[in-house]
Amino acid sequence: MLDNGRESGTARKKMNESNFSIVQIGAHLGDESREAIKEGKACLLVEPVPYLFSALLEKYAKKSNVLLEQAVVSDEPGEVNFYYFPKRENLENSDKFPFWADQIGSLDQSHLIVLGRQSGFPQGFEKQIISQKIQSMSAMQLFKKHGIKKVEKLIIDTEGFDVDIIFSIDFHKIEIDELVFERKHTDGVRQTRYRYNKTIHFLKSIGYQVKKLDHQNDIATLRSDWKKIRTRKHRSEQLKQAK
C-alpha cells in the first residue's frame, strides 16, 4: 500500500480537519468528489486498483485538501486477494468491453465473472481478470488513521460489498450526514433482496431517511432531529473528557 503520509500531514496541519466533506470508498477517478475538491473542502479518496490509484495520485497528490489511500476496505486483516481487469488499453478485444470494465474491482472474483457474462463481455474475458494482494483495513480503521470524526457525505462503490461496509461502521463514534451506496448488487449481481431490505431497516432505525438517488444508487440522509440529538451527545462527551 502506498501511504501518502506527507500529503496527509500537510492537509491536517493546514486545515486542522477532523470533519471531512467527502469520504469516497471505491473512488475510481474521484469524479463524485471533484466539485468539493475544487472548493477546497477536505476529501479522502480510497481506491485499491493500482492504475486507478496512480491516476488519483497524478491528479490530486499536490492538493493539500485531498488525502489518498490505496487500500481495500473490509474487515479482513492484512493483505487480501482483490480482483480487477487490466487498464483498457491492455485489454484484449478492448473494443468489445463496455467503457466501465476497467473501473470495477471486487473482493469476489465470481462477482466480476457473473457481471461480465450478464453484460456481454467477449468470450474468454475471465482469463484477463487480475488477482493481486492488496492491503485491507476496516472502515473504522480508515477513519481512525486519518483522524476523521465527522463526514458530510460518505460514498461507497465496492461491487457488492457496500452493505458489509455500512454494517461495519460504528455510527456512535463517527458522524455521517449523508451516505450514498450502490443498491443494485446488495444481494448478488443486479439483485436486491433480503440484505438490501435489512440495510434500509437498519439505516432508518438510526435516524436516516433513504431514497433512490438514481438507477443503481441509494442516498441515506440523517434526519435533522437526529442531528440535534447527536450534536448534544457529542458536546456532552467532550465536556466529560475535558473535566
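Small disclaimer: the values here were computed from a predicted structure and weren't measured. (Residues numbered from 1 in each chain as written. Predicted model: local features only at pLDDT ≥ 70, side-chain atom pairs only at ≥ 80, totals over all residues. Heavy atoms only, no water.)

### Topic: the overall build of the protein
Here comes step 1: A tally of regular secondary structure across the protein gives 8 helices and 11 strands.
Here comes step 2: If you take every contact in the protein between residues at least 6 apart in sequence, the share linking residues at least 24 apart comes to 63%.
Here comes step 3: A total of about 12800 Å² of accessible surface is found on the protein, and carbon and sulfur atoms cover 48% of it. (Helix = DSSP H or I, 4+ residues; strand = E, 2+ residues; numbered from the N terminus. Contact = heavy atoms within 4.5 Å. Areas by Shrake-Rupley, 256 points an atom, 1.4 Å probe, with all protein chains shown as cover.)

### Points about the sheet that holds strand β5 (residues 79–84)
Here comes step 1: Taken in spatial order, the 4 strands of this open sheet run β4-β7-β5-β6, and their pairing is mixed. The strands lining the two open edges of the sheet, one partner per strand, are β4 (72–73) and β6 (105–106).
Here comes step 2: Pairing geometry for β5 and strand β7 (residues 130–137), over 6 bridges, is antiparallel. Among the inter-strand pairings, F82 is bridged to a residue of β7, identified as Q132. (Pairing = 2+ DSSP bridges.)

### Details of the pattern of salt bridges
Here comes step 1: The final tally for this structure, using the stated rule, is 10 salt bridges.
Here comes step 2: With a shortest N-O distance of 3.1 Å, K145 and E69 are connected by a salt bridge. Taken together, the positions of K145 in helix α5 (residues 139–145) and E69 in strand β3 (residues 66–69) put the pair 76 residues apart, joining distant regions of the chain.
Here comes step 3: Across the pair K87 and E89 runs a salt bridge, and its minimum N-O distance is 3.7 Å.
Here comes step 4: Under the relative-accessibility criterion, K87 is labelled partly exposed at 36%. (Salt bridge = Lys/Arg side-chain N within 4 Å of Asp/Glu carboxyl O. Buried < 20%, exposed > 50% of the residue type's maximum accessible area, 1.4 Å probe, protein only.)

### Overview of helix α4 (residues 109–118)
Here comes step 1: For α4, the complete set of buried residues consists of H111, L112, I113, L115 and G116.
Here comes step 2: Taken from the residues just after α4, G120 is the one with a positive phi, measuring 75°.

### Looking at the pairing of β7
Regular strands place their side chains on alternate faces of the sheet.
Here comes step 1: In terms of strand pairing, β4 meets β7 through 2 bridges, oriented parallel. In the sheet register, V73 faces β7, and the bridge partner there is M137.

### Examining unusual backbone geometry
Here comes step 1: Positioned with a positive phi, N93 is a non-glycine residue whose angle comes to about 55°.
Here comes step 2: Relative to the assigned elements, N93 resides in the loop between β5 and β6.
Here comes step 3: Looking at N93, the relative accessible area reads 44%, which means it is partly exposed.
Here comes step 4: Positive phi is not limited to glycine here, since R190 has a value of about 55°.
Here comes step 5: Of note, R190 is situated in the loop between β9 (175–182) and α7 (194–205).

### Some words on the environment of H215
Here comes step 1: Residue position: H215 is located in the loop between β10 (208–212) and β11 (217–222).
Here comes step 2: With relative accessibility at 66%, the residue H215 sits in the exposed group.
Here comes step 3: Once the C-alpha coordinates of H215 and K184 are considered, the two residues, 31 residues apart in sequence, prove to be 8.2 Å apart.

### Brief notes about α7
Here comes step 1: Between its first and last C-alpha, α7 extends 16 Å over 12 residues, near the 16 Å set by a 1.5 Å rise per residue.
Here comes step 2: Within α7, burial applies to Y196, T199, I200 and L203. What you see down the axis of α7 is that its buried residues fit within an arc of 100°, all on one side. Within α7, the exposed residues directed more than 90 degrees away from the buried face are Y194 and H201.
Here comes step 3: Once α7 finishes, G207 follows within two positions and takes phi at roughly 105°, a positive value. (Expected span 1.5 Å × (residues − 1). Arc of directions from axis to C-beta.)

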